[in-house]
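Descriptive structure summary
Here is how the chains run, residue by residue.
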Amino acid sequence: MRFSHIDQDLHIKCAVKKNIRLNQQKKLLVLLRGVRVEAGLTQSELASRLGTDQTFISKYESGERRLDILELREVCQVIGIDFVAFIRRLDKDLKSESS
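Keep in mind that this is a model prediction, so the values were computed, not measured.

1. Thoughts on the side chain of Q43
On the secondary structure map, Q43 appears in helix 2 (residues 43–50). Residue classification places Q43 among the buried positions, given a relative accessible area of 19%. Excluding residues within four positions of it along the chain, Q43 makes contact with R36, Q54, I57, S58 and E61.

2. Thoughts on the environment of E45
Topologically, E45 is positioned in helix 2. What makes E45 partly exposed here is its relative accessible area of 38%. Between the alpha carbons of E45 and I57 there is a distance of 10.0 Å; along the sequence they are twelve residues apart. Polar contacts involving the side chain of E45 include one to the main-chain amide nitrogen of T42, which spans 2.8 Å.

3. Considering the packing of helix 2 against helix 3 (residues 54–62)
Closest axis-to-axis distance for the helix 2/helix 3 pair is 7 Å, and the angle between their directions is 115°. Overall, the two elements helix 2 and helix 3 adopt an arrangement that is roughly perpendicular. Of the two possible hands of crossing, helix 2 and helix 3 adopt the one that is right-handed. Taken together, the residues of helix 3 that come into contact with helix 2 (itself represented by Q43, S44, L46, A47 and L50) are Q54, F56, I57, S58, Y60 and E61. When the residues that make up the contact of helix 2 with helix 3 are grouped by side-chain class, the tally is six nonpolar, four polar and one charged.

Here is what the cut-offs are and how they apply
- Residues numbered from 1 in each chain as written.
- Predicted model: local features only at pLDDT ≥ 70, side-chain atom pairs only at ≥ 80, totals over all residues.
- Heavy atoms only, no water.
- Helix = DSSP H or I, 4+ residues; strand = E, 2+ residues; numbered from the N terminus.
- Buried < 20%, exposed > 50% of the residue type's maximum accessible area, 1.4 Å probe, protein only.
- Contact = heavy atoms within 4.5 Å.
- Polar contact = N/O pair within 3.5 Å; in protein donor to acceptor, adjacent residues only side chain to side chain.
- Axes fitted to C-alpha atoms, helices over the stretch in contact; angles between N-to-C directions.
- Parallel < 35°, antiparallel > 145°, perpendicular 65-115°, else oblique.
- Left-handed = near helix turned anticlockwise from the far one by under 90°.
- Nonpolar A, V, L, I, M, F, W, Y, C, P; charged D, E, K, R; others polar.

Structure, rendered in structure tokens:
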């Protein structure tokens with residue numbers, strides 16, 4: 001009973017970290033969709049170029065599925081955006097959130 005405040009502090013800190021990660025994930029999802037749209041591609045067109053189906057694109061753009069780093073690199077290549085440029089753009093968006 002004496003240490004209940006510690007559990008409460010830990011719970012609050014975890015909730016704050018989770019919220020920050022959710023906000024960062026949202027920025028990534030917005031950017032992923034944005035570069036696809038900027039390239040003039042529909043989800044179906046991108047999926048066709050990747051050799052997958054439209055639901056794959058829909059799931060990662062909605063956050064239902066996460067891309068690993070190699071999948072992200074492939075998406076960038078197919079869209080026609082330099083992978084490093086994409087990462088820099090994401091980093092800039094994430095930094096703007098924290099300022």
